[in-house]
Amino acid sequence: MIPTPDLSHLSAQDYEHVYEPAEDTFLLLDALEADAEELRSLKAVVFLEVGSGSGCVSAFAGKILGPSALYLATDINHRACDCTRRTGSQNKVAVHTINTSLTAGLHPRLKNSVDIICFNPPYVPTMSTEASDAQHLRGIEGSWAGGSDGMQVTNTFLEVVHELMSPTGRFYLVAVKENNIPKIQSRMECLYQLKSKIILARRAGREHLSIVRFEHTAAPTL
């Protein structure tokens, strides 16, 4: 069993500004642990977490993949980037953080190069304006306000994730029932030739959480 990363360095004050790991985070950790042997066999060179928050997921991935991989983490919230760096250090995983929206500015250098991508997006359905305002403010609200069907931010990333994935890449997405997961799966296979599977699902209060894993149906054109 892979231990949950040590987060004792983060304080209540940190969590006033940065998303605190919760059931969705731990479900993603469980999914990565279930796939651990397969992920190690990929001999991953680049790991990317989009919207890293506390850095818990990136630190956990470091325990699976080891020190040979490059760990990248992005977040629109500069405080989250700071927390992620500290969490990496606390758990002896060198995580390189980038303060940006999703993967803006990274595509040319990372095209077809990322072996494992994790994204726990703002998936809670809200008014569209609330999601837009949250992204503009770059604070903790941006970690949960998802706009119409909870998909406003997620849809933006789904349009580009296939360009980042290496030929054997894996993409892990956290989603809830309201996001219409079958529609996401159908769209990603039809438009981007990414097959998918719900590999874990769990109910947490009123939320029906799922982890969807995507892979290329065929090697992408480089």
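Here, every reference points to the structure presented above.
The model shown is predicted, which means the values in this text are computed figures rather than measured ones.

Asks: Can you walk me through the packing of aromatic side chains in this structure?
Replies: Aromatic ring pairs are defined here through the distance separating the ring centres and the angle between the ring planes. Counted by the stated rule, this structure contains four aromatic pairs. For the ring pair Phe 119 and Phe 157, a centre distance of 5.1 Å and an interplane angle of 75° mean the geometry is edge-to-face. Within this pair, whereas Phe 119 is found in strand β4 (residues 114-119), its partner Phe 157 is found in helix α8 (residues 152-158), the two being separated by 38 residues in sequence. Like Phe 157, Phe 119 is buried. On the basis of relative accessible area, Phe 157 is assigned to the buried category, the value being 0%. Every member of this aromatic cluster is reached through a ring pair, and the members are Phe 119, Phe 157, Phe 171 and Phe 214.

Asks: When you look at the layout of surface pockets in this model, what are you seeing that I'm missing?
Replies: In this approach the atoms are scanned with a rolling probe the size of a water molecule, which exposes any empty space left behind. By volume, the largest pocket is sized at about 530 Å³. If you trace the largest pocket, you find 40 residues lining it, with Tyr 19, Gly 51, Asn 120, Pro 121 and Ser 143 closest to the centre. If you list the elements that add at least two residues to the lining of the largest pocket, you get α2 (23-34), β1 (46-50), α4 (56-65) and β2 (70-75). Ranked by residues supplied to the lining of the largest pocket, first place goes to α2 with three residues. A class-by-class count of the residues in the lining of the largest pocket yields 19 nonpolar, 15 polar and six charged.

Asks: For this particular structure, what's the right way to read the packing of α2 against α4?
Replies: The angle between the axes and the distance between the axes are what describe a pair of packed helices. Their axes nearest at 10 Å, the elements α2 and α4 cross at an angle of 15°. In terms of orientation, α2 lies roughly parallel with respect to α4. In terms of crossing hand, the pair formed by α2 and α4 is right-handed. Contact with α2, carried on its side by Thr 25, Leu 28, Leu 29, Leu 32 and Glu 33, involves Cys 56, Val 57, Phe 60 and Ile 64 of α4 and no other residues of that element. Here the residues of the contact of α2 with α4 are counted per class, giving seven nonpolar, one polar and one charged.

Asks: What's the story with the pattern of salt bridges in this structure? I'm lost.
Replies: Close approach of charged atoms allows side chains with opposite charge to pair. Counted according to the given criterion, the structure contains 11 salt bridges. Close ionic contact of Arg 86 with Asp 14 constitutes a salt bridge, the shortest N to O distance being 3.2 Å. Placement of the pair is Arg 86 in helix α5 (residues 78-90) and Asp 14 in helix α1 (residues 12-15), with a sequence separation of 72 residues. Beyond isolated ion pairs, a larger network of salt bridges with shared partners links Asp 35, Glu 38, Arg 170, Arg 213 and Glu 215.

Asks: Sorry if this is basic, but what is going on with the side chain of Asp 24 here?
Replies: Looking at the element boundaries, Asp 24 is found in helix α2. For Asp 24, which is buried and forms no salt bridge, the nearest opposite charge comes from Arg 202, at a distance of 9.3 Å. Separated by 3.0 Å, the side chains of Asp 24 and Tyr 19 make a polar contact. At 3.3 Å, the side chain of Asp 24 forms a polar contact with the side chain of Asn 120. Setting aside its immediate chain neighbours within four residues, Asp 24 contacts Tyr 19, Asn 120, Tyr 123, Val 174 and Leu 209.

Conventions used here
Residues numbered from 1 in each chain as written. Predicted model: local features only at pLDDT ≥ 70, side-chain atom pairs only at ≥ 80, totals over all residues. Heavy atoms only, no water. Phe/Tyr/Trp six-rings, centres within 6.5 Å; stacked < 30°, edge-to-face > 60°. Helix = DSSP H or I, 4+ residues; strand = E, 2+ residues; numbered from the N terminus. Buried < 20%, exposed > 50% of the residue type's maximum accessible area, 1.4 Å probe, protein only. 1 Å grid on protein atoms, 1.4 Å probe; cavity = no way out; pocket = protein on both sides within 12 Å on 5 of 7 lines; lining within 4 Å. Points joined across faces, edges and corners; volume = space filled by probe spheres on them. Nonpolar A, V, L, I, M, F, W, Y, C, P; charged D, E, K, R; others polar. Axes fitted to C-alpha atoms, helices over the stretch in contact; angles between N-to-C directions. Parallel < 35°, antiparallel > 145°, perpendicular 65-115°, else oblique. Left-handed = near helix turned anticlockwise from the far one by under 90°. Contact = heavy atoms within 4.5 Å. Salt bridge = Lys/Arg side-chain N within 4 Å of Asp/Glu carboxyl O. Lys, Arg positive; Asp, Glu negative; His and termini not counted. Polar contact = N/O pair within 3.5 Å; in protein donor to acceptor, adjacent residues only side chain to side chain.

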